[in-house]
Amino acid sequence: MTNEKLAIGIILGSTRQGRVSPQVGEWVKGIADKRGDAAYEIVDIADFNLPFVGAGTGEEAGLKAWVEKISNLDGYVFIAQEYNHSITGALKNAIDSAYAEWNNKAAGIVSYGSTGGARAAEHLRGILGELQVADVRNHPTLSLFTDFENFSEFKPAELHDANVNGMLDQVISWSTALKSVR
Ligand SMILES: Cc1cc2nc3c(=O)[nH]c(=O)nc-3n(C[C@H](O)[C@H](O)[C@H](O)COP(=O)(O)O)c2cc1C
């Protein structure tokens, strides 16, 4: 093991036009960067132009870049929005587009929706279990009704800052530990 800083990707789970996930991701990154305990970066699925799993040649540059990105990260924070009581199809497809690269890493979840995105987050936990990603307990849940204005302008309640830090404490702890497993 080296003393290099952990690389933690903040993965934006939605790709739709008009999405709010970049605002949420930047807010998490702002809190994370103040900690100085890892190299945090936003990872936007939309940038990779991923084909549906199995529908392409497997040689697409975006797919290769995605797999390499997931491989190079030590841990993840999923920005998960609730679509029909689950995660987005885009996030599921992106997750399915890699396998071994996810294994023995840690992840936190920041979710949002009408009920804090709780149902989407619980689905995501089941998926992460299959990928041998250790999902941490602490889980900031953001309400579309009280943490956003007009469901579009992100104005998080102050209490969530402590929740994000609590989640990151666990992601850093487990990401550090799992490095020794890999
Ligand atoms: C197809 C679709 C389904 C949705 N289903 C739910 C839902 O089941 N529960 C919920 O709380 N919000 C639901 N929403 C609202 C989204 O959580 C909300 O639009 C949120 O801003 C989506 O995240 P995004 O802006 O990053 O794409 C749904 C939105 C879409 C587009």
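Structure: see above.
The shown structure was predicted, so the numbers you read here are calculated from the model rather than taken from an experiment.

With that settled, consider the side chain of Asn 93. Here Asn 93 is to be found in helix H3 (residues 89–96). Beyond its immediate stretch of four places on either side in the chain, Asn 93 contacts Leu 50, Pro 51, Phe 52 and Val 53.

Now for the nonpolar core. Counting 28 residues, the largest nonpolar core has Ile 11, Trp 66, Tyr 76, Phe 78, Ile 95, Trp 102 and Leu 124 as the members making the most contacts within it. Going through the elements one at a time, strand S1 (6–12), helix H2 (61–72), strand S3 (75–81), H3, strand S4 (105–113) and helix H4 (118–130) are the ones with two or more residues in this core. With 5 residues, H4 is the single largest residue contributor to this core. Beyond its immediate chain neighbours, meaning those up to four positions away, Trp 102 contacts Ile 11, Trp 66, Ile 70, Tyr 76, Phe 78, Ala 94, Ile 95, Leu 131, Gln 132 and Val 133. Counting 25 residues, the second-largest nonpolar core is a separate cluster that includes Leu 12, Val 28, Ala 32 and Ala 38.

The full count for this structure, using the stated rule, is 13 salt bridges. Salt-bridge contacts for Arg 19 lead to Asp 44; the nearest nitrogen and oxygen are separated by 2.8 Å. You can see Arg 19 sitting in the loop between S1 and helix H1 (21–35) and its partner Asp 44 sitting in strand S2 (residues 38–44), a full 25 residues away along the chain.

Near the ligand lie 15 residues; those nearest to it are Ser 14, Tyr 83, Asn 84, Tyr 112 and Ser 114. At 2.9 Å, a backbone N or O of Glu 82 approaches an oxygen atom of the ligand. At a separation of 2.7 Å, an oxygen atom of the ligand approaches a polar backbone atom of Ser 114. The protein chains hide 75% of the 620 Å² of surface that the ligand would expose on its own. Here the shell around the ligand is built from residues that sort into 4 nonpolar, 7 polar and 4 charged.

Taking 1.5 Å of rise per residue, 15 residues should cover 21 Å, and H1 covers 22 Å from first to last C-alpha, within 8% of that figure. Every buried residue of H1 is listed here: Ser 21, Val 24, Gly 25, Trp 27, Val 28, Ile 31 and Ala 32. Seen end-on, H1 carries its buried residues on one side only, within an arc spanning 160°. Looking one or two places after H1, you find Gly 36, whose phi comes out positive at around 70°.

A few words now on the packing of H1 against helix H5 (residues 159–179). Their axes nearest at 10 Å, the elements H1 and H5 cross at an angle of 60°. By the angle class used here, H1 and H5 are oblique. Considering the relative orientation of H1 and H5, their crossing is right-handed. The residues of H5 that touch H1, namely those facing Trp 27, Val 28, Ile 31, Ala 32 and Arg 35, are His 160, Asp 161, Val 164, Asn 165, Leu 168, Asp 169 and Ile 172.

Definitions and limits used
- Residues numbered from 1 in each chain as written.
- Predicted model: local features only at pLDDT ≥ 70, side-chain atom pairs only at ≥ 80, totals over all residues.
- Heavy atoms only, no water.
- Helix = DSSP H or I, 4+ residues; strand = E, 2+ residues; numbered from the N terminus.
- Contact = heavy atoms within 4.5 Å.
- Core = buried A, V, L, I, M, F, W, Y, C linked by side-chain atoms within 4.5 Å.
- Buried < 20%, exposed > 50% of the residue type's maximum accessible area, 1.4 Å probe, protein only.
- Salt bridge = Lys/Arg side-chain N within 4 Å of Asp/Glu carboxyl O.
- Near = heavy atom within 4 Å.
- Polar contact = N/O pair within 3.5 Å; in protein donor to acceptor, adjacent residues only side chain to side chain.
- Areas by Shrake-Rupley, 256 points an atom, 1.4 Å probe, with all protein chains shown as cover.
- Nonpolar A, V, L, I, M, F, W, Y, C, P; charged D, E, K, R; others polar.
- Expected span 1.5 Å × (residues − 1).
- Arc of directions from axis to C-beta.
- Axes fitted to C-alpha atoms, helices over the stretch in contact; angles between N-to-C directions.
- Parallel < 35°, antiparallel > 145°, perpendicular 65-115°, else oblique.
- Left-handed = near helix turned anticlockwise from the far one by under 90°.

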